[in-house]
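# Residue-level structural notes
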Amino acid sequence: MADLVGGAAVDETSSIADVIELRLSELRAGKVEVQVKPIGNAPAARRPRFTIDGSKRFCDLVTYLKKSLNLEILHVYCCDAFEPMQDESIADLKRCFGVGGRLTLSYSREAAFS
């Protein structure tokens, strides 16, 4: 007998880990709108609003920002309060901390918040 989890059929041979991974990939599918703003003497982004694949990791977004701003060191903050873990998914951050349908991040050249 098969059950439906998030629209996908799951049978008795599926492990719990497989079911969780399937559901997480469904939740992380799609694009996430991101808005970034500089702090202090950090340069302004040419494109302060952009979309990124929700399944991408936070480190991918930081790498993109470093390249686009031509900076080697960059601190990126969520909610002007903390730097997310590098392996967090963008969709998870938006789901937990997004406002108005988008994830707003701030960035600086130096540590801005402790």
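Further up the page is the structure itself.
What counts and what doesn't
Residues numbered from 1 in each chain as written. Predicted model: local features only at pLDDT ≥ 70, side-chain atom pairs only at ≥ 80, totals over all residues. Heavy atoms only, no water. Pairing = 2+ DSSP bridges. Helix = DSSP H or I, 4+ residues; strand = E, 2+ residues; numbered from the N terminus. Salt bridge = Lys/Arg side-chain N within 4 Å of Asp/Glu carboxyl O. Buried < 20%, exposed > 50% of the residue type's maximum accessible area, 1.4 Å probe, protein only.

## Comments concerning the pairing of strand S3 (residues 31–38)
Of the pairings in the sheet, the one linking S3 to strand S4 (residues 49–53) comprises five bridges and is antiparallel in character. Among the inter-strand pairings, Lys 31 is bridged to a residue of S4, identified as Asp 53.

## Notes on the pattern of salt bridges
According to the stated counting rule, one finds five salt bridges in the structure shown. For Arg 102, the salt bridge is made with Glu 33, and the minimal N-O distance between the two is 3.3 Å. Of this pair, Arg 102 sits in strand S6 (residues 102–108) while Glu 33 sits in strand S3; the two residues are 69 residues apart in sequence, bridging distant segments of the chain. Residue classification places Glu 33 among the partly exposed positions, given a relative accessible area of 29%. As a salt-bridge pair, Asp 80 and Lys 37 come within 3.2 Å of each other at their nearest N and O atoms. Of the two residues, Asp 80 sits in the loop between strand S5 (75–78) and helix H3 (90–97) while Lys 37 sits in strand S3, which places them 43 residues apart along the sequence. We classify Lys 37 as partly exposed; its relative accessible area is 38%. Linked through salt bridges whose partners overlap, the residues forming this network are Glu 33, Arg 49 and Arg 102.

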